[in-house]
Structures are given as structure tokens and as C-alpha cells.
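Per-entry structural report
Each chain, written out:
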Amino acid sequence: MRNSGKIAKLAIVAVGMVGVLTVCGPMAQAAPTQHVARLGRVADSAWSATVGFSGKISAVNTGSLVLATADGDVTFDLTQSPYRSGSLQTGLKAYVAAHAQNGTWVATAIFTYP
């Protein structure tokens, strides 16, 4: 039963990656081999409670990131070392996968693009 849950989590990661690659357009490249191990760590997170946010990075602070979304600013805790693809720079567009923990959004994965 544990393996079927892991397969479902990896399928969700794959669908998310396809969505990110679709948004990024022709600039996107296949994930390098060294990122595969990190994706496995991300898949082991609580994906059943994960929510995705899209927007523009408006602030990067020590241990947190603020994303300006269509519904307002959302602050994410970065202290649990989320998977990152791209740099965390103010002004870049980003997709952030996160889960709620003690009333705070904790980032699980961050994908940035121009």
C-alpha cells in the first residue's frame, strides 16, 4: 500500500512539472539528472495537502518569500529547504507549491521563470 501512495505522489509531481513546463514555454528544458533525487524528496512531502500559487516574487527575506498573486500577497516559510528551480529574485514570476502548517504556508517547491 505504501508503494501505491508513493506512485500517486510522483504522478502529482509529474503533472505539476508538465504544468510548469507548459507555462515556461520554449525556454523550459528537461530537468537535469541531479534534480531527480530532489524531486523524490519533494514527492515524499504531504502532497495531499499541497496547494499551488502563481504570481510574481515581491520580496525575498531570510527564511521567507512573498509572492504577489491575483488574490493578494502570500508569504511562504522557506526554512524547510524547499526544492528550487531557478533563482529567487524579486520581479521573477514563480509557481510555489506549499502546504499549511500551524497557520503558515510552508513552501515545498518553487519554480521561477522570467
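So, here is what we can say about the structure in this document. Just so it is clear, the model here is predicted, and its values are computed rather than measured. (Residues numbered from 1 in each chain as written. Predicted model: local features only at pLDDT ≥ 70, side-chain atom pairs only at ≥ 80, totals over all residues. Heavy atoms only, no water.)

1. What about the environment of Gly-55?
Here Gly-55 shows up in strand E1 (residues 50–61). In this structure Gly-55 touches Leu-67, Ala-68, Thr-69, Leu-92, Lys-93 and Ala-94, once residues within four positions along its chain are discounted. (Helix = DSSP H or I, 4+ residues; strand = E, 2+ residues; numbered from the N terminus. Contact = heavy atoms within 4.5 Å.)

2. A few points about the packing of aromatic side chains
On inspection of all chains with the given rule, the structure shows 4 aromatic pairs. Aromatic pair Phe-53 and Trp-105: ring centres 4.9 Å apart, planes at 70 degrees, arrangement edge-to-face. Taken as a pair, Phe-53 in strand E1 and Trp-105 in strand E6 (residues 104–113) lie far apart in primary sequence, 52 residues in all. Residue Phe-53 is classed as buried on the basis of its relative accessible area of 15%. On the numbers, 5.7 Å between centres and 50 degrees between planes, the contact of Tyr-83 with Phe-111 is tilted. One end of the pair, Tyr-83, is in strand E4 (residues 83–85); the other, Phe-111, is in strand E6, and 28 residues separate them in sequence. On the accessibility criterion, Tyr-83 (2% relative accessible area) is buried. On the accessibility criterion, Phe-111 (8% relative accessible area) is buried. Put simply, the rings of Phe-53, Phe-76 and Trp-105 touch in pairs and so form one group of aromatic residues. (Phe/Tyr/Trp six-rings, centres within 6.5 Å; stacked < 30°, edge-to-face > 60°. Buried < 20%, exposed > 50% of the residue type's maximum accessible area, 1.4 Å probe, protein only.)

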